[in-house]
Amino acid sequence: MLPTPADRDLSPYAGLWIAIVRGDVSGIGQTPEAARLASLQARPKEKPVLMQVPPSPITNQLITLPPLFDDVRAVMRAHVAIWLVGGAVRDGLMGRASHDLDFVVAGDALALARATADALRGAYYPLDEERGAGRVILTRDNARYVLDFAALRAPDLNGDLALRDFTLDAMAVSVSDPETLVDPLGGEADLRAGVIRACGPTSLSDDPVRGLRAVRLAAQFDFRIHKETREAVKREAASLKRVSAERIRDEFVRLLGGRRSATAVRALDMLGLLEWIVPEASTLKGVTQSAPHAFDVWEHTLAILERLEDLLAVLGPRHDPDAAADLALGLASVRLGRYRLPLDEHLSTCLSADRPARWLLFLSAFLHDIAKPATRKLDADGAIHFYEHDLVGAEMAARRATRLRFSADEVKRVRLTVNCHLRPLLLANEATGPSRRAIYRFYRAAGEAGVDVCLLSLADSLATWGPEFRQAEWTRMTEVVAALLKGYFEEPEQSVQPPPLLNGRDLIAHFGLEEGPLVGKLLEAIREAQAAGEVADKEAALELARVVLNQMGGLP
């Protein structure tokens, strides 16, 4: 006897229309006609029976919504049709509570956003008044929540969901009935199957940035991109040239700072997306390097992203014994674990908008050797050199960051990190540990990027050696970085920014100098000597200034 629909598990098709032929599902669609046409393509000689599968009921055990959701519900007027949509629903089905909540409103979304901000004592920002989109920022239990409210973009909710990017983000729950999942495109089934699938045939052409997001989501959740969606991403890659640099920037840097960024970057390259974001990256392929480098520059760049992610995981705010089981990471954890919390605070700080320093660190890591193809030299003995690739690369990285519309502070951070990324290695090659003077000079050059440089240099060493582990050299590197981080986090007034003993007016008055660069040079000489422990008071600072002036040609 052939199975009937009642005999089958139809939960993967919750909320969809399905076509049944001989007890089998022969087609699915958002409408009866779409399901019928899909069935005719698969079984052209047989007439299907059409039916709609009810939406999936869900329970609090199956979906995790943040406690804030109940606060928002209490604010909503009973007659307003409003739904929680997108990533918060997806994350809830995965048992993850989201801090970003997107609401769709059948009505005045801006007014509702203002009312929510007022009722919950949050901050309100109009995102797009013309399209009716507003944002509310709230803080609860030291956590920051972002609530976005937008008007429906279609006559009904299903139409709005169909305009979204991927099926796993095209699900909704009603604020008035959060026990029912609205899933017209089969997003729950794709979520369970681990598939990133476009909502429709024009999803990628409507917005080519969705290709980057598909790659990021696949890396973040260990999902695969559906074949047809993958082909659409490739087909629309060149359309990125008509997208604003700001939108590409935000998706790309989020991808770099997320999980499995090396895998994600490789996928961007294979799908033809990377050449429209960082075209210089293609020149890294096949650029060979001398020992101790195990890889060419391209593979080394991907390896450093991977090792940086490993390193930050083992130095995260909570100790992870499993991650520390790796010998190199375990040694780093022992030597640098005391700085977990200040490192986390540093990497969480945003230089601009909502882009944390962690993302900029990964961007710098991706660009740190960008100048190696242009600076590669082969000497008479066959050794390969990349003289000044750090200096040239810093300017190339800054130009790319500028073209991607990063802020001036962010561009400066990237420039400094790339410029100084070799300095910890040079310090590790010295016979003794870094002196107080060396630590001061390091931070004088790197500034607030010094912490980023320390982390990048560690990942760079591991990526350089590849599968080979050089324990003595690694121990030396971690010792140098420990000394640099101690200076920054524990002894800033001694090693990084000593409090001034005197100012330029003091020097001008005491020595009868004129304002100009000479005064600045004297102040810098005093600061460096102070950091080195050679000067401790104003009298000693003036005496040092006298010595320096005599060495430079005498007093005026």
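Only a predicted model underlies this, so the values are computations on that prediction, with no experimental measurement involved.

What about the overall build of the protein chain?
When you go through the protein chain residue by residue, the secondary structure sums to 26 helices and 16 strands. Principal axes of the C-alpha set define a box for the protein chain whose edges measure 100 × 60 × 45 Å. Expressed as a percentage of the 556 residues in the protein chain, the buried residues total 51%. At a minimum sequence separation of 6, the contacts of the protein chain that also span at least 24 residues come to 65%. Of the roughly 26200 Å² that the protein chain leaves accessible, carbon and sulfur atoms contribute 50%.

Focus on helix α20 (residues 436-446)
All of the buried residues along α20 are A438, I439, Y440, F442, Y443 and A446. Among the structural elements, α18 (408-419), α19 (423-428), α21 (450-465), α22 (471-489), α23 (492-496) and α25 (517-531) are those in contact with the buried residues of α20. Phi for G447, located one or two positions after α20, is positive at around 60°.

Some details on the packing of helix α13 (residues 327-336) against α22
Contact geometry for α13 and α22: axes closest at 10 Å, N-to-C directions at 30°. As far as their axial angle goes, α22 and α13 are roughly parallel. For α13 against α22, the interelement crossing comes out right-handed. Contact residues: α13 offers L327, A328, L331, A332, R335 and L336, while α22 offers Q471, W474, T475, T478, E479, V481, A482 and L485. Looking at the contact of α13 with α22 residue by residue, the class counts come to 9 nonpolar, 3 polar and 2 charged.

Examining the sheet that holds strand β5 (residues 100-106)
Strand order across the open sheet formed by 7 strands is β6-β7-β8-β5-β4-β9-β10, with mixed pairing between neighbours. The open sheet has two free edges, formed respectively by β6 (123-128) and β10 (181-182), since each of these has just one partner strand. Where strand β4 (residues 81-85) lies against strand β9 (residues 172-174), 3 bridges are found, and the strand directions are antiparallel. Within the sheet, the bridge partner assigned to L84 lies in β9 and is V173.

A closer look at the packing of aromatic side chains
Under the definition given, this model contains 8 aromatic pairs. Ring plane angle 40° and centroid distance 5.5 Å describe the contact between F221 and F223, whose orientation is recorded as tilted. Residue F221 is classed as buried on the basis of its relative accessible area of 8%. With centroids separated by 6.3 Å and ring planes inclined at 85°, the aromatic side chains of W465 and W474 adopt a geometry described as edge-to-face. With a relative accessible area of 6%, W465 lands in the buried category. The buried category is assigned to W474, whose relative accessible area is 0%. Of the aromatic side chains, those joined through ring pairs into one cluster are Y339, F442, Y443, Y488 and F489.

Observations concerning unusual backbone geometry
Across the junction of A291 and P292, the peptide omega takes the value 15°, indicating a cis bond. Residue position: P292 is located in the loop between α11 (261-270) and α12 (297-314). Its identity is not glycine, yet E388 carries a phi of approximately 60°, on the positive side. Looking at where E388 falls in the secondary structure, it is placed in the loop between β16 (384-386) and α17 (389-403). Under the relative-accessibility criterion, E388 is labelled exposed at 53%.

Overview of the pairing of strand β7 (residues 133-140)
Here β6 runs beside β7; their pairing, made up of 5 bridges, is antiparallel. For P126, the partnering residue across the bridge sits in β7 and is G134. Counted between consecutive antiparallel strands, the loop separating β6 from β7 contains 4 residues, among which G132 sits at a positive phi close to 70°. Bridging between β7 and strand β8 (residues 143-151) involves 8 bridges; their strand directions are antiparallel. Note on β8: the bridge partner recorded for V136 is L147. The turn joining β7 and β8, which pair antiparallel and follow one another in sequence, is formed by 2 residues; a positive phi near 55° is taken by D141.

Description of the nonpolar core
Counting 132 residues, the largest nonpolar core has F103, L147, F149, F252, F366 and L455 as the members making the most contacts within it. Not counting chain neighbours up to four residues away, the residues in contact with F103 comprise F69, V72, I82, W83, L84, L147, D148, F149, A150 and V175. Ranked by size, the runner-up nonpolar core spans 15 residues in total, among them L507, L513, L522 and A541.

Re α18
Taking 1.5 Å as the rise per residue, α18 with 12 residues should run 16 Å; its terminal C-alpha atoms sit 16 Å apart, in good agreement. Here α18 has its buried residues at E410, V411, R413, V414, L416, T417 and V418.

Re the side chain of H226
Considering the arrangement of structural elements, one finds H226 in the loop between β12 (224-225) and α9 (227-235). Relative accessible area serves as the criterion here: at 19%, H226 is assigned to the buried category. A distance of 3.2 Å separates the side chain of H226 from the side chain of R197, its partner in a polar contact. Ignoring any residue separated from it by four or fewer positions in sequence, one finds H226 in contact with V195, I196 and R197.

Structural notes on the environment of K285
Note on placement: K285 falls in the loop between α11 and α12. When the C-alpha atoms of K285 and T301 are compared, they prove to be 9.9 Å apart, with 16 residues separating the residues in sequence. With residues near it in sequence (within four places) discarded, K285 still touches D269, D296 and W298.

A look at the pattern of salt bridges
Evaluated as defined, the whole model comprises 41 salt bridges. One salt bridge connects R247 with D207, and the closest N-O pair in it is separated by 2.6 Å. Taken together, the residues R247 in helix α10 (residues 245-256) and D207 in the loop between α7 (203-206) and α8 (210-221) connect sequence positions 40 residues apart. Its relative accessible area of 40% is what places R247 among the partly exposed residues. Overall, the relative accessible area of 16% leaves D207 in the buried class. Notably, a salt bridge pairs E528 with R444, separated by 2.9 Å at the nearest N-O pair. Of this pair, E528 sits in helix α25 while R444 sits in helix α20; the two residues are 84 residues apart in sequence, bridging distant segments of the chain.

Conventions used here
Residues numbered from 1 in each chain as written. Predicted model: local features only at pLDDT ≥ 70, side-chain atom pairs only at ≥ 80, totals over all residues. Heavy atoms only, no water. Helix = DSSP H or I, 4+ residues; strand = E, 2+ residues; numbered from the N terminus. Buried < 20%, exposed > 50% of the residue type's maximum accessible area, 1.4 Å probe, protein only. Contact = heavy atoms within 4.5 Å. Areas by Shrake-Rupley, 256 points an atom, 1.4 Å probe, with all protein chains shown as cover. Axes fitted to C-alpha atoms, helices over the stretch in contact; angles between N-to-C directions. Parallel < 35°, antiparallel > 145°, perpendicular 65-115°, else oblique. Left-handed = near helix turned anticlockwise from the far one by under 90°. Nonpolar A, V, L, I, M, F, W, Y, C, P; charged D, E, K, R; others polar. Pairing = 2+ DSSP bridges. Phe/Tyr/Trp six-rings, centres within 6.5 Å; stacked < 30°, edge-to-face > 60°. Core = buried A, V, L, I, M, F, W, Y, C linked by side-chain atoms within 4.5 Å. Expected span 1.5 Å × (residues − 1). Polar contact = N/O pair within 3.5 Å; in protein donor to acceptor, adjacent residues only side chain to side chain. Salt bridge = Lys/Arg side-chain N within 4 Å of Asp/Glu carboxyl O.

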